[in-house]
Amino acid sequence: MSKGGKSDQEEGEENMAAWLVGLNTLKIQPFKLPPLGPHDVRVRMKAVGICGSDVHFLKTLRLADFVVKEPMVIGHECAGIIEEIGSEVKNLVPGDRVALEPGIGCWRCDLCKEGRYNICPDMKFFATPPVHGSLARQVVHPADLCFKLPDNLSLEEGAMCEPLSVAVHACRRANIGPETNVLVMGAGPIGLVTLLAARAFGAPRIVIVDVDDYRLSVANNLGADGVVKVSTNMQDIPEEVERICEVMGAVGVHVTFDCAGFNKTMSTALSATRAGGKVCLVGLGHNEMTVPLTPAATREVDIIGIFRYKNTWPLCIELLRSGKIDVKPLITHRFGFSQKEVEEAFETSARGGDAIKVMFNL
Amino acid sequence: MGKGGKSHEETKSGEDENMAAWLVGLNTLKIQPFKLPPLGPHDARVRMKAVGICGSDVHYLKRMRCADFVVKEPMVIGHECAGIIEEVGSEVKNLVPGDRVALEPGISCWRCDLCKDGRYNLCPEMKFFATPPVHGSLAHQVVHPADLCFKLPDNVSLEEGAMCEPLSVGVHACRRANIGPETNVLVMGAGPIGLVTMMAARAFGAPRIVIVDVDDNRLSVAKNLGADGIVKVSTNMQDVAEEVERICKAMGGGVDVSFDCAGFNKTMSTALSATCAGGRVCLVGMGHHEMTVPLTPAAAREVDVIGIFRYRNTWPLCIEFLRSGKIDVKPLITHRFGFSQKEVEEAFETSAGGGSAIKVMFNL
């Protein structure tokens, strides 16, 4: 899977992909597909979204401990059409429209066997070096990680299952339900899918905060019960916590999702959450953080870590199919698959602002 | 309860005046009269027999404050206690005079959401012995709700009864952290709380327990109390990586749960790094207010941080552990003092000195 190289494919068209070849440099180049294993499928990509991590790799060639040491195909939020299936594949046929779950766990370690495969130490994940991504005309992927889309879901919505999965996983770990008032720090793409997922899980009241007015208005239109504009100044925390609690109402905040992951947002989250509540650290802003941990611990506010997702595609697809969640408003910009458009698309995504989800249509 | 004042008690039958150890100013304790409130229908009057000193008691003595709690007027100190029932209120059915009981210090409101949810330890209206402005229990007698007085079996001493309080912190932490036969445990700090946490973890079935400290003596005590491994650590942040390596080696497998019983940047950072993906770090100790720790790498491995504040519904289990011998707290009681002005001062100095003093106990 995704071990393809740069030479010509044997028959028919040459497979092309968007390669990260150096700092801030993307090139559309040939991408040789590996042979199709008995449990694999070959997928023609139709919709690929850009994630903040893709942009981060482009701009810095690294992310935490993952370093891009050689050219790598970028992209991982994707959906497409089955072209060919391996000999043992029973659940899919050519022509099926599928959304892809990017990460292949080892399926042999304790964590995988316990179902916590998202934290498998040998995880092979699209566009996390050294594993190639999926912004390509075609990829080869395990069939069990390709999920069939119902007729009423577009391929773009299929690609949106990936960011939505982060939110769904977070809502599960945080036990969101009809009695949990939710605070979301950050109204970027992840904050917004978290807002949508929390609502789908039954959260009665959801307040979202951001520094940006435009993003807050988007959040409002997507159904937030309250929006609060905040700053990047640590000194403003007590005042912001007051405003947040006022907007949330007397019962208070049961669960906070920090979808930004900075000292300010985490400190605010820890202060704003009720005794006995939870703060989910979803955003991966800083490595080391300086936060008021002890006052939170003495109110038994727990901190829950979130890393990617596990077993979320079926639920995401169902939430989209039933209309319980509508991700279409999050797709703000679309580009085709050419050298010029790939470059433009990434610049648009990196810019932030009014660009929420930038989507490639191949 | 605990609202007694300093004037003479209007005694019914010439009983002794009730005396208590009062924190009257910075570093100043005085044994003075302590007037008991009237006995309510659900209360019990208890003659104190054993009272232990907690780090928080010492902290109040030395600083007159602990986090947001400030000692603004003289306050009776002490909260780890056990004694004998002298009198019960009209509605009390579970206890009779002569019963030997261990006391759970905190009285919650029983009306708020948290109380009704069973998380009464977090009640915002909690009235807790020796947390200002509520008077403590280092006194000849106290009045306390009968439902917070737990009868001791014959084979459990009053000193062991008093030890139920610190042991409760360990038990509550083990419950919140889900300790069981498959959780390898790391304990940061071999002071009184680290040691009771280690013992509780063993009682909950933890297969392997490694404990760390900066002090050799405390590590040898831990070893004698059954630690599978001990690791000496420093107070230098630069040593974290190397210490994590030694810890994992001593564990011989992964660390599923870490209890930070010290609560400093160093201990928390070590705990977060040493704990396996998908594991938990319990913050038990309350060292610093703001902490600088590698939170994100931990979150990205789904290592959760669990907060611990006191305990709830732990006395029955603690008493059972002590009764059955699953836990033996007696070795932790290293120093004993009587209840006189001189001995009270000496006892607190001994406790504050740390080192070989683990639990300092008053026998009244």
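Computed from a prediction, not measured in an experiment: that's the story for all the values here. (Residues numbered from 1 in each chain as written. Chains lettered and ligands numbered in written order. Predicted model: local features only at pLDDT ≥ 70, side-chain atom pairs only at ≥ 80, totals over all residues. Heavy atoms only, no water.)

Engineer: Can you explain the packing of helix 1 (residues 55–63) of chain B against helix 10 (residues 341–353) of chain B? Please cite residues and give values.
Structural biologist: The relative placement of two packed helices comes down to the angle between their axes together with the axis-to-axis distance. Residues and elements named next belong to chain B. Running from N to C, helix 1 and helix 10 point in directions that differ by 105°, and their axes come no closer than 10 Å. The pairing of helix 1 with helix 10 is recorded here as roughly perpendicular in orientation. The residues of helix 10 that touch helix 1, namely those facing Asp57, Val58, Leu61 and Lys62, are Phe348, Glu349, Ser351 and Ala352. Broken down by class, the residue content of the contact of helix 1 with helix 10 amounts to four nonpolar, one polar and three charged. (Axes fitted to C-alpha atoms, helices over the stretch in contact; angles between N-to-C directions. Helix = DSSP H or I, 4+ residues; strand = E, 2+ residues; numbered from the N terminus. Parallel < 35°, antiparallel > 145°, perpendicular 65-115°, else oblique. Contact = heavy atoms within 4.5 Å. Nonpolar A, V, L, I, M, F, W, Y, C, P; charged D, E, K, R; others polar.)

Engineer: Describe helix 6 (residues 237–248) of chain A, naming the residues involved and giving the relevant values.
Structural biologist: Residue and element names in this part refer to chain A. Along its twelve residues, helix 6 runs 16 Å from first to last C-alpha, staying within 8% of the 16 Å computed at 1.5 Å per residue. Those residues of helix 6 that sit buried are Ile237, Glu240, Val241, Ile244 and Met248. Around the axis of helix 6, the buried residues are gathered within 100° of arc, so they sit on the same side. Exposed side chains of helix 6 directed beyond 90 degrees from the buried face belong to Pro238, Glu242 and Glu246. Looking at the buried positions of helix 6, the neighbouring elements they touch are strand 13 (182–185), strand 14 (206–210), strand 15 (226–229), strand 16 (253–258) and helix 7 (263–272). Two residues or fewer past helix 6, Gly249 is found with a positive phi of approximately 105°. (Expected span 1.5 Å × (residues − 1). Buried < 20%, exposed > 50% of the residue type's maximum accessible area, 1.4 Å probe, protein only. Arc of directions from axis to C-beta.)

Engineer: Tell me about the side chain of Asn118 of chain A, and please be specific about residues and values.
Structural biologist: Structurally, Asn118 of chain A can be placed in the loop between helix 2 (110–113) and strand 10 (124–125). Within the structure, the side chain of Asn118 of chain A is placed 2.8 Å from the backbone oxygen of Phe307 of chain A, a separation counted as a polar contact. Discounting residues that sit within four places of it in the chain, Asn118 of chain A has contacts with Met123, His169, Phe307, Tyr309 and Lys310 of chain A together with Glu302 of chain B. (Polar contact = N/O pair within 3.5 Å; in protein donor to acceptor, adjacent residues only side chain to side chain.)

Engineer: Lay out the sheet that holds strand 1 (residues 19–25) of chain B with the relevant residues and their values.
Structural biologist: Residue and element names in this part refer to chain B. In spatial order, the strands read 2-1-6; together these three strands make up an open sheet with antiparallel pairing. For this open sheet the edge positions go to strand 2 (28–33) and strand 6 (75–76), each flanked by a neighbour on one side alone. Pairing of strand 1 with strand 6 involves two bridges; the strand directions are antiparallel. Residue Trp22 lies in a different strand from strand 6, and its bridge partner there is Val76. Packed onto the sheet, helix 10 meets strand 1 and strand 2 and runs at close to 145° relative to strand 2. (Pairing = 2+ DSSP bridges.)

Engineer: Lay out the packing of helix 6 of chain A against helix 7 of chain A in plain terms, naming residues and giving numbers.
Structural biologist: Residues and elements named next belong to chain A. Where helix 6 meets helix 7, the closest approach of the two axes is 10 Å, and the angle between their N-to-C directions is 55°. One way to sum up the angle between helix 6 and helix 7 is to call them oblique. Like other packed secondary-structure pairs, helix 6 and helix 7 cross with a definite hand, here right-handed. Contact with helix 6, carried on its side by Ile237, Glu240, Val241, Ile244 and Cys245, involves Lys264, Ser267, Thr268, Ser271 and Ala272 of helix 7 and no other residues of that element. Classifying every residue of the contact of helix 6 with helix 7 by side-chain character gives five nonpolar, three polar and two charged. (Left-handed = near helix turned anticlockwise from the far one by under 90°.)

Engineer: Go over the pairing of strand 16 (residues 255–260) of chain B with me, naming the residues and quoting the values.
Structural biologist: Residues and elements named next belong to chain B. The buried count for strand 16 comes to five of six residues, which makes it a mostly enclosed element. Pairing of strand 13 (residues 185–188) with strand 16 involves four bridges; the strand directions are parallel. Opposite Val187, over in strand 16, you have Phe259 as the bridge partner. With five bridges connecting them, strand 16 and strand 17 (residues 275–283) associate as parallel partners. Its bridge partner lying in strand 17, Asp260 is registered against Leu283. Following the chain from strand 16 across helix 7 (residues 265–274) to the adjacent parallel strand 17, one finds a crossover that is right-handed. (Right-handed = clockwise from strand over helix to strand, strands pointing away.)

Engineer: Residues and numbers for the nonpolar core, please.
Structural biologist: Counting residues in each nonpolar core, the largest one holds 64 residues, and the members touching the most others are Leu164, Ile176, Leu192 and Phe257 of chain A. Residue assignment for this core shows that the elements contributing at least two residues are helix 2, helix 3 (155–173), strand 13, helix 4 (189–200), strand 14, helix 5 (213–221), strand 16 and helix 9 (313–321) of chain A. Per-element tally for this core: the top contributor is helix 3 of chain A, with ten residues. What Phe257 of chain A contacts, discounting residues up to four positions off in sequence, is Ala170, Cys171, Ala174, Ile176, Val182, Leu183, Val184, Met185, Thr194, Cys280 and Val282 of chain A. Counting 61 residues, the second-largest nonpolar core is a separate cluster that includes Leu167, Ile308, Ile327 and Ile358 of chain B. (Core = buried A, V, L, I, M, F, W, Y, C linked by side-chain atoms within 4.5 Å.)

Engineer: For the state of the cysteines, give the residues involved together with the corresponding values.
Structural biologist: Residue and element names in this part refer to chain B. Going through the model one piece at a time under the given rule, you end up with zero disulfides over all chains. Free of any disulfide, Cys54 has its nearest cysteine sulfur in Cys66, 8.4 Å distant. Residue classification places Cys54 among the buried positions, given a relative accessible area of 18%. Free of any disulfide, Cys149 has its nearest neighbouring cysteine sulfur in Cys81, separated by 8.4 Å. (Disulfide = S-S within 2.5 Å.)

Engineer: Pulling in residues and values, what's your account of the sheet that holds strand 6 (residues 72–73) of chain A?
Structural biologist: Residues and elements named next belong to chain A. Read from one edge of the open sheet, three strands run 2-1-6, paired in antiparallel fashion. The open sheet terminates on both sides in strands that have one partner only, identified here as strand 2 (25–30) and strand 6. As paired elements, strand 1 (residues 16–22) and strand 2 share six bridges and run antiparallel to each other. Within strand 2, the residue paired with Trp19 across the bridge is Lys27. Set on the sheet, helix 10 (residues 339–351) makes contact with strand 1 and strand 2; between it and strand 2 the angle comes to about 145°.

Engineer: Lay out the domain arrangement of chain A in plain terms, naming residues and giving numbers.
Structural biologist: All names here are of chain A. Along its sequence, chain A is carved into domain 1 (16–148 + 327–361) and domain 2 (168–305). Between the C-alpha centres of domain 1 and domain 2 there is a distance of 29 Å. Summed over both sides, the interface of domain 1 with domain 2 buries roughly 770 Å², with 67% coming from carbon and sulfur. For domain 1, the biggest contributors to the area lost against domain 2 are Leu330, Gly353 and Ile356; these three give 55% of the whole. On the surface where domain 1 and domain 2 come into contact, there are zero salt bridges. Linking domain 1 to domain 2 there are two residue pairs in polar contact (both at pLDDT 80 or more). The class makeup of the residues in the side of domain 1 that touches domain 2 is five nonpolar, three polar and two charged. (Domains from an automatic or database assignment. Buried area = accessible area lost by both parts, 1.4 Å probe. Salt bridge = Lys/Arg side-chain N within 4 Å of Asp/Glu carboxyl O.)

Engineer: So, the environment of Thr267 of chain B: which residues are in play, and what are the values?
Structural biologist: Residues and elements named next belong to chain B. Checked against the element boundaries, Thr267 lands in helix 7. A residue is classified by how much of its surface remains accessible, and Thr267, at 14% relative accessible area, is buried. Along the primary structure Thr267 and Val233 are separated by 34 residues, whereas in three dimensions their C-alpha atoms are 9.5 Å apart. Discounting chain neighbours no more than four positions away, the residues touching Thr267 are Met188, Asp260 and Ala262.

Engineer: Got a sec to walk through the confidence of the model for chain B? Specific residues and values, please.
Structural biologist: Residues and elements named next belong to chain B. Put simply, chain B has an average pLDDT of 94, and 96% of its residues get 70 or more. This model gives residues 5–14 a pLDDT under 50, and the stretch forms 18 contacts once residues within four places in sequence are excluded. Our summary of model confidence lists the complex with pTM equal to 0.89 and ipTM equal to 0.86. (pLDDT = per-residue confidence, 0-100.)

Engineer: For the interface of chain B and chain A, give the residues involved together with the corresponding values.
Structural biologist: With 34 residues of chain B at the interface, the matching set in chain A holds 33 residues. The junction of chain B with chain A conceals about 2,800 Å² of combined surface from both sides, 55% of it contributed by carbon and sulfur atoms. Linking chain B with chain A are seven salt bridges. The partner of Asp113 of chain B in a salt bridge is Arg274 of chain A, with the nearest N and O atoms 4.0 Å apart.

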